[in-house]
Amino acid sequence: RKTGKGKPNDGYYENVVVDKDVTIRGVANNRSTACLDPRQAFDDLGRLRRNKTAVIVDAAPAGDPGGDGFVMVGAGAAGATVECFAVRHGQNGVVSVEDDTTANRIAAIGQNQSGIVMVADGTQVLDSLVIGSDGVGLAIVGDDGLARGNWVRSVDESCIVLVGNDPAMTDNHARRCSDAGF
């Protein structure tokens, strides 16, 4: 549903069901496939910097509490990748319950529950940013999960949680976590 008259703050709202392995990427324009990295568009407090751009999914366009930014569920979601988006004002930024899914270069800002939650085997969260979630910043629950190159700060619970057999975590950063950093 398209609303408004095409002005910059007008919104486009849509639920999309995908039944195959797919990569959903935020890009600067329709002439480019390059990632528009959202992490560089926000300051330490989660505010959008001047003269910076990002592809933003506003999960609460009508106000709190909002919904989830991206949810990867169903057999078709196994192997899916979501990358190069900022998700703000929702319940959870990214949620996956399917195996081998990836969240790459995601900025989850101001979530009412958790930033990024992956509950399946072989999931990955790479080079992402979580600021100001009311729950866990980043959680990977399942075997062979990978958290690499993530920055998590100012969350009400633990910053980064990995649970399962053979989890891997490298080059992650956490600060101002109410319960624990890692």
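If you're wondering where the values come from, they're calculated on a predicted model, not measured in any experiment.

Caption draft 1: Quick peek at the environment of Trp151. Take Trp151: it is sitting in strand 12 (residues 151–155). Judged by relative accessible area, which is 41%, Trp151 ranks as partly exposed. Sequence spacing of Trp151 and Ala174 is 23 residues, and the spatial spacing of their C-alpha atoms is 6.0 Å. When sequence neighbours within four positions are dropped, the list of residues in contact with Trp151 reads Ser128, Leu129, Val130 and His173.

Caption draft 2: Spotlight on the environment of Gly181. Positionally, Gly181 belongs in the segment after strand 15 (173–177). Spatially, the C-alpha atom of Gly181 lies 8.9 Å from that of Glu157, the residues being 24 residues apart in sequence. Those residues in contact with Gly181 that sit more than four places away from it in its chain are Cys159, Ile160 and Ala174.

Caption draft 3: Structural detail: the sheet that holds strand 13 (residues 160–163). Taken in spatial order, the five strands line up as 3-5-7-10-13 in an open sheet, and their pairing is parallel. Edge positions in the sheet fall to strand 3 (70–72) and strand 13, since each has one partner strand and no second. With strand direction ignored, the average angle separating the axes of adjacent strands in the sheet is 5 degrees. The sheet contact formed by strand 3 and strand 5 (residues 94–96) spans three bridges and is parallel. In the sheet register, Val71 faces strand 5, and the bridge partner there is Val95.

Caption draft 4: Region of the structure containing the pairing of strand 12. By the bridge criterion, three bridges tie strand 9 (residues 129–131) to strand 12 in an arrangement that is parallel. The residue of strand 12 that forms the bridge with Ile131 is Arg153. Here strand 12 runs beside strand 15; their pairing, made up of four bridges, is parallel. Bridge pairing in strand 15 places Arg153 opposite Arg175.

Caption draft 5: Looking closely at the side chain of Asn104. Mapped onto the elements of the fold, Asn104 is located in strand 6 (residues 102–109). If near-sequence neighbours (up to four positions away) are discounted, Asn104 is found in contact with Val82, Glu83, Cys84, Leu126, Asp127 and Ser128.

Caption draft 6: Structural detail: the packing of aromatic side chains. Applying the stated criterion across every chain, the model contains one aromatic pair. Relative to Phe85, the ring of Phe70 lies with its centre 5.0 Å away and its plane at 55 degrees, an arrangement referred to as tilted. With Phe70 in strand 3 and Phe85 in strand 4 (residues 81–88), this residue pair connects regions lying 15 residues apart in the sequence.

Caption draft 7: Main features of the state of the cysteines. One pass over the structure, following the stated rule, counts two disulfides. What pairs with Cys35 in a disulfide is Cys84, and their sulfur atoms sit 1.8 Å apart. As the torsion about the S-S bond is roughly -120 degrees, the Cys35-Cys84 disulfide counts as left-handed. Placement of Cys35 in the loop between strand 1 (23–25) and strand 2 (56–58) and of Cys84 in strand 4 is noted, with a sequence separation of 49 residues between them. The exposure class of Cys84 is buried, given its relative accessible area of 0%. The partner cysteine of Cys159 in its disulfide is Cys177, sulfur to sulfur 1.7 Å. Judged by the sign of its S-S torsion, about -90 degrees, the cystine formed by Cys159 and Cys177 is left-handed. Residue Cys159 is found in the loop between strand 12 and strand 13, and its partner Cys177 is found in strand 15; the two are separated by 18 residues along the sequence. Residue class for Cys177 comes out buried when judged on its relative accessible area of 19%. When the bonded cysteines of the protein are numbered from the N-terminus onward, they pair as 1-2, 3-4.

Calculation criteria
- Residues numbered from 1 in each chain as written.
- Predicted model: local features only at pLDDT ≥ 70, side-chain atom pairs only at ≥ 80, totals over all residues.
- Heavy atoms only, no water.
- Helix = DSSP H or I, 4+ residues; strand = E, 2+ residues; numbered from the N terminus.
- Buried < 20%, exposed > 50% of the residue type's maximum accessible area, 1.4 Å probe, protein only.
- Contact = heavy atoms within 4.5 Å.
- Pairing = 2+ DSSP bridges.
- Axes fitted to C-alpha atoms, helices over the stretch in contact; angles between N-to-C directions.
- Phe/Tyr/Trp six-rings, centres within 6.5 Å; stacked < 30°, edge-to-face > 60°.
- Disulfide = S-S within 2.5 Å.

Note that every value here comes from positions in space, so none of it alone points to a role or purpose.
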